[in-house]
Structures are given as structure tokens and as C-alpha cells.
Amino acid sequence: MNVIDLDDVWRIYAEGAEPVYALQGVNLTIKPGEYAAIVGTSGSGKSTLMNIIGCLDRPSKGTYLLNGIDIKNRSDDELATIRNKTVGFVFQQFNLLGSMSALKNVMLPLVYAGIPGKERKMRAELALKEVGLENRMHHRPNELSGGQQQRVAIARAIVNRPSILLADEPTGALDSTTAGEIMDLFGRLVVEGMTVIIVTHDPETAGRSNRIIKVRDGKILEDIVMGKVS
Amino acid sequence: MNALELLSVAWQGILSNRLRSALTVLGILIGIASVITLLGIGQGAKEEAESQVQALGVNLIYIRPGSVGAGGISMGKGTAPTLTYDDALAIKENCKAVKEVAAQYSQSFQVQYGEKNTMTQINATEPAYTDIRNFFADRGRFFTDQEMADTARVCVIGDTVANDLIGEENPVGKQLLIRGELFDVIGVMEKKGMTQNMDMDDQIFIPLTTGYATLFGLNTISGKTVKNILAQSIDGEDWQAQFQITNLLRLRHNIQNPELDDFMVRTQMDIMQTAQSITGVFSLLLGATAGISLLVGGIGIMNIMLVSVTERTREIGVRKALGAKYGQILSQFVIEAVLISGCGGLLGICLGVSGSSFISNVADWPTVVTPSSIVLSAVVSVAIGLFFGIYPARKAAKLDPIVALRSE
Ligand SMILES: Nc1ncnc2c1ncn2[C@@H]1O[C@H](COP(=O)(O)OP(=O)(O)OP(=O)(O)O)[C@@H](O)[C@H]1O
Ligand SMILES: [Mg+2]
């Protein structure tokens, strides 16, 4: 069975003077444990696609089955639970809460998952260790570098051990060494059985995935499945 | 996510903008403090008025001349000389529900003792006065029925008069001149203070008959008018007494139409009710004033919460993206509003209670803070947080995560 199954999905932004067709009939299926990279020019609809896959947004038209379940019939609160338990999201703009320490930020998904305080802290510390930030845990985001902030965002996305990890430009702000470490981490997560989808501009990063999905003007242009995970 | 965690998240929100939260708390604080203080003033006034009416006497019925015009508009009550000493005697004789009667005639005169002299109220009355008004002689004694009958030249002086005229010495046995007439001082009244805007201690009591014979210049027995008549009903029969007196006086004064009554009969209960309705209006006005300031405080909370929701749209988006449900965001902001208003309420109660006692002590105005007004304030402050917090909180909880995350 597919984890993700998009069938003729459209996303039309109708708020402005002219409607924007951000996604135009996307068909996409992704199997458990796949490691996919979405590439495309700026404004091509990558983030929009990620938002829909991550249940942050709903298609304007078409069906999206997540683990075989149609999103259309889910209430907002049910989608909140899916975002909390099933999907981990690394935002393009990190979206860390400035008033909290890195540790508190990473603990946030566990708070809404109803995990007790002690375990929450332990797991958050573990996640921060995985991204190599064990000695920056008590700093606030504005006391961290861009790359460190990004790693906090990744720790927050994986702390709840979701079955799907969505990362929008996860290595954009990182030097090649750190980027490499993050890619290694993603590789390990895929080996553990997590489905990982990333958006990237970097051909080297894309090359470490096992599938490249090229997007342009809200449509999938190319979908290349490669060998095993590097 | 349990209640304690919701509370701590809301508390973080409050701390994230301390100055603004503090100012909002201040708004509620002032509102609640003024509610407590003004209700305290109102309650104090009410109890003061009640105790003054109590101090008027025991089962008192107050009869005075005057008419109630058509439509209940009073016309010169207490001025027309229509009540006579004979009316008082007839009431004593005929009204079964009346235990005691004391007619009064009073006028101000020059009073002289040695070198000193003063102007004071001469209250010519009957011995029953002391029982009816519950006001007794402290040193010496009040005059007797015998002294009434003898038109004896005796007087009982109030505490103020005693201090002003005679000073340290014992006034009993001294003599003083009232409008040039010599009177023996046989007693000094106990100290009573102000009752119904009159200083009860600044007067001199003499027998009514003596007053007519020596001071007031009335000599035909039948024409003796009185300023008012005090009566005391038998316990629990005040309205029967009122009824009997009214009917008797109508009969004696030849009045068929009650609208043309040339007298008024009021029981202590009537007076109490008047006092209560006046202080009730007073309390209501004070309460309304305080209520308005509370309303302003509440609108302040709503305003701040709306600003806060707008400012923290991204935070809300992040929380929703990470799995916060509608109810969790809603509670976060409602609890924040309730915490602000609750803190304001708590501090306001403290300030209001100390403010009330300050007013009591410094301005010498009686204030009474009742436990019920404290409970009311506490409940109202929380309710304000709920009421004014719910709209902004709903606004936050309904935000679309995508829209919220994109906002700057
Ligand atoms: N809320 C919105 N309202 C209107 N138009 C929008 C909205 N969100 C996105 N768009 C439009 O949809 C298109 C796709 O945007 P999207 O963010 O998915 O691009 P992207 O591929 O992620 O680009 P980038 O690489 O720069 O992040 C763009 O043309 C954008 O202007
Ligand atoms: Mg994007």
C-alpha cells in the first residue's frame, strides 16, 4: 500500500485578484520507506505540495489518501492529530518559537501528543543529540546560527518518530559538512523505515535520495526512481 | 495535555509581554477595587441609616401635623399647627395598640448659666419620652408625671449643653436661666450623638406643661398645639396602632376624605423603608459607576487579547502545525485572559478592602465590605476574563495553519 496517494490534486489560491494555480492536477504515489527529493524552480509549487502532503492544507480539487485514508473526510482536529503523530515537518523558514529555548521548541510536538513531562524532556534531548546540538539546548533561536536553527527544526520534526518526514530545504542554510551530517541522519531514518521527502535545490543533496520528482508550474514534469539509498 | 500544562502555556504567554499584561491587569484591578470600595460605601451608608432609624426609639410611631396634597406631593408638612396636646391625650386614652405617648413642643431659646450663655433647643415633652426614644438620664433623673402636673420648673440637659455651660462640675442641683426663667437642673441625658441630622445631645428637656406655662406663651388649655407626637405601640402591633391613631385623628379633626388629612402617622418601619430605599438608590448608583469601570477593564482585556492573537499568529500557526487542536488553542487564550482578569480581581479585592478601611479611618465615612461583595468581585473578575477572552481565543483557534504560518 502507498503511504501517499495524490490523485489529480489541484491547489488554487483564490484570495487575490487573480486566482493562482499553485498545483495543477498532480498525481503522485509514494511507498513506505521511500526517500524522495522534490526539485524545481522557485514558485513552481514545491512548498504547496509539501503542505498538502503534510496535511497542513487541503487540496482545492482531487483526492489525497494518506495511509489509504481520504483527507477530505477528516475534521480539522483529526488533521491536527495526523500532523502531530504521523508527519514531521521541517519548514522552509524553520518556524521556531522565539520565546522558548531550543529544548522547549523540540518538546512542543510531545506536549500536544500528551507525553508526560519527564519522558518529553528525555526524548527532546535525544532528538537534539541526533542533530548534534546537545550543547546548545538551552539557547533561544535568536542565539543560534541559521544552520543550528535548522537543526533544531529537524530535531522537532523527528522527535515524535513520525512515519513521514517532510523537509522543505533542510540543508539550504548549512555548510557542506553539516549538510552531509544531516543527509546521513536522513539516511539512517530511512533505514529505520521512515518515509522521507525533501525539497532541495542542491543536486548533490537530491542525488542522495532514491527518487527525484521534478516540479514546474504546479505540475510534475519528471519522476525518476533511482537505486537504493546511498 | 492537562490543565496544569495549559495553565503554564498561558502563563508563558502572559510573561512574554509583561508590561502589556500588567497594564491590562491594572484595568481590572481598578474596576474591582472600585466595585469593592463603592459597594462598601453603599453598605456602610445603609447600615448607618438603619442604625439611626433603630436609634430613634422602640416601636416608635411618629405623628406630625401637615397635609399630603393630591398625588402624594407634600405641602408644608410639620408647619401647620393642627396637632394639639388634646390629640395626644385622646390617643393615650383611646388607642388600644398604643402603649405610651409623648407630645413634643420645641423651640430655641437663650440659656444662661453664670457668665456663660448659649442658644439651644428647648424640648418640652412628657415623661414617656425616655422609654419611647430609648434615651435616658445618665446622671440625676428625668422629670416625673407629678412634676408635669405641678408645672415644675425643672429641666434635664443634654451632654453637650452640660459640657458647654457647666463644664467639669456636676450639673445636677445647679440652676440655669431659660429665656430669663429660672430652672433646676435635675438630670443630664446620656450621650447619644447625631440622629437624623440632629444633635441629640444639644437640647434641654422640660415638662410640656411647664413649657406652655412659662416659655411658649400659650395659656388657653384647649389651644395647646404640639410640634409632634411620639407614640409607642405594643410589640408587634405597630400598624394596628397606626390605623387606630389615623382613624381617631380623622374623627377628631372631622376629616372625611383621607387626601385632606392634616396630619401624618409614620411607623418606624415606614421610616426604615424610606431610609432603605434612599440608600438602595445610592448603592445602585455607586455599583453602576463601579460596573462601568469594570466594563472598561473588560474591554481592555479583549483589546489586548486581540492584539496578542494578531501578534502571535505565527506562534499559533506553529502550534497548530505541530498538532495543537482547536480546543487547545482556545483554552490557551481563554486561560490567558482569565489569568489576567483573575490577577486583576485578586489584587483589586486587596486594594478595595484596604481602600475601604482607609476611607473609614481617614474620611470617617462608615464603609462595610461584606464577604458577599468579595465573592461577587472574584466571580465577576473571572467571568469578565471568560466573556471578553472567548472572542479573541476563538479567533486564534480558528486560524488556518497555512495562513497563520505565512503571516509576518
Ligand atoms: N497563500 C497564497 N496565496 C496566493 N498565492 C500563493 C500562496 N501560497 C503560494 N502561492 C503561490 O503559489 C505558487 C507556488 O508557491 P510555492 O510556495 O509552493 O513555491 P515553491 O516551489 O515552494 O518556491 P520556493 O522554491 O521559492 O520556495 C507561487 O506562485 C506562489 O506565489
Ligand atoms: Mg518553498
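Reading guide: rules and limits
- Residues numbered from 1 in each chain as written.
- Chains lettered and ligands numbered in written order.
- Predicted model: local features only at pLDDT ≥ 70, side-chain atom pairs only at ≥ 80, totals over all residues.
- Heavy atoms only, no water.
- Phe/Tyr/Trp six-rings, centres within 6.5 Å; stacked < 30°, edge-to-face > 60°.
- Helix = DSSP H or I, 4+ residues; strand = E, 2+ residues; numbered from the N terminus.
- Lys NZ or Arg CZ within 6 Å of the ring centre and 35° of its normal.
- pLDDT = per-residue confidence, 0-100.
- Contact = heavy atoms within 4.5 Å.
- Salt bridge = Lys/Arg side-chain N within 4 Å of Asp/Glu carboxyl O.
- Polar contact = N/O pair within 3.5 Å; in protein donor to acceptor, adjacent residues only side chain to side chain.
- Donors = N, O, S within 2.8 Å, 3.2 Å for Na, K, Ca; no water.
- Buried < 20%, exposed > 50% of the residue type's maximum accessible area, 1.4 Å probe, protein only.
- Pairing = 2+ DSSP bridges.
- Axes fitted to C-alpha atoms, helices over the stretch in contact; angles between N-to-C directions.

Considerations on the packing of aromatic side chains
Residues and elements named next belong to chain B. For the coordinates displayed, the defined rule picks out 14 aromatic pairs over all chains. Between the aromatic rings of Tyr129 and Phe205, the centroid separation amounts to 5.0 Å while the plane-to-plane angle is 50 degrees, which identifies the pairing as tilted. Of this pair, Tyr129 sits in helix 4 (residues 129-133) while Phe205 is found in strand 12 (residues 203-207), placing the two residues 76 residues apart along the sequence. Each residue in the set Tyr85, Tyr105, Phe109, Tyr212 and Phe216 is aromatic and connected to the rest through ring pairs, giving one cluster. Note that Lys227 overlies the ring of Tyr105, its terminal NZ or CZ placed 4.7 Å from the centroid.

Quick notes on the confidence of the model for chain B
Taken over all residues, the pLDDT of chain B has a mean of 88, while the share at 70 or more is 94%. On the interface metric, ipTM, the complex scores 0.93, and its pTM is 0.76.

Details of the interface of chain B and chain A
The interface of chain B with chain A comprises 19 residues on the first partner and 20 residues on the second. There are one salt bridge connecting chain B and chain A. Across the salt bridge formed by Glu5(B) and Arg120(A), the nearest N and O atoms sit 2.2 Å from each other. For the pair chain B and chain A, the number of links is six residue pairs in polar contact (both at pLDDT 80 or more). Elements represented by at least two residues in the side of chain B that touches chain A include exactly helix 10 (313-321), helix 11 (326-362) and helix 13 (401-406) of chain B.

A closer look at the coordination of the magnesium ion (ligand 2)
Distances from the magnesium ion (ligand 2) to its protein donors, Ser47(A) (OG) and Gln92(A) (OE1), fall within 1.9 to 2.3 Å. Taken together, the residues span a long stretch of sequence, with Ser47(A) in helix 1 (residues 46-53) and Gln92(A) in the loop between strand 6 (87-90) and helix 3 (102-113) at a distance of 45 residues.

A closer look at the side chain of Arg20(B)
Residues and elements named next belong to chain B. Locating Arg20 in the fold gives a position in helix 2 (residues 18-55). According to the relative accessible area criterion, Arg20 is buried, its value standing at 18%. Polar side-chain contacts of Arg20 include one of 3.1 Å to the side chain of Glu311. With sequence-adjacent residues up to four places away left out, Arg20 is seen in contact with Ile304, Val307, Ser308 and Glu311.

What to know about the side chain of Arg319(B)
Structurally, Arg319(B) is set in helix 10. Given the relative accessible area of 3%, Arg319(B) is considered buried. Once you skip the residues sitting within four places of it in the chain, Arg319(B) turns out to touch Leu97(A), Met100(A), Leu108(A), Tyr112(A), Val9(B), Ala324(B), Ile329(B) and Gln332(B).

Digging into the sheet that holds strand 6 of chain A
Residues and elements named next belong to chain A. Ordered by their spatial adjacency, six strands build an open sheet running 6-7-8-3-9-10, and the pairing between neighbours is mixed. Looking at strand neighbours, the two that pair on one side only are strand 6 and strand 10 (219-225), the edges of this open sheet. Strand-to-strand, the axes of this sheet are offset by a mean angle of 15 degrees, without reference to chain direction.

What about the pairing of strand 8 (residues 175-178) of chain B?
Residues and elements named next belong to chain B. Covered by surrounding structure in strand 8 are Leu176 and Ile178 only, the residues Gln175 and Leu177 on the alternate face being uncovered. Pairing between strand 4 (residues 98-113) and strand 8: two bridges, direction antiparallel. Looking across to strand 8, one finds that Val111 is bridged to Ile178. The pairing of strand 8 with strand 9 (residues 181-189) spans four bridges and is antiparallel. Bridge pairing in strand 9 links Leu176 to Phe183.

What about helix 2 (residues 76-85) of chain A?
Structurally, the α-helix is built with 3.6 residues per turn, so residues lying three or four positions apart point the same way. Of all the residues in helix 2 of chain A, the buried ones are Leu79(A), Ala80(A), Ile82(A), Arg83(A) and Asn84(A). Buried-residue contacts for helix 2 of chain A involve strand 4 (61-66), strand 6 and helix 3 of chain A together with helix 10 and helix 13 of chain B.

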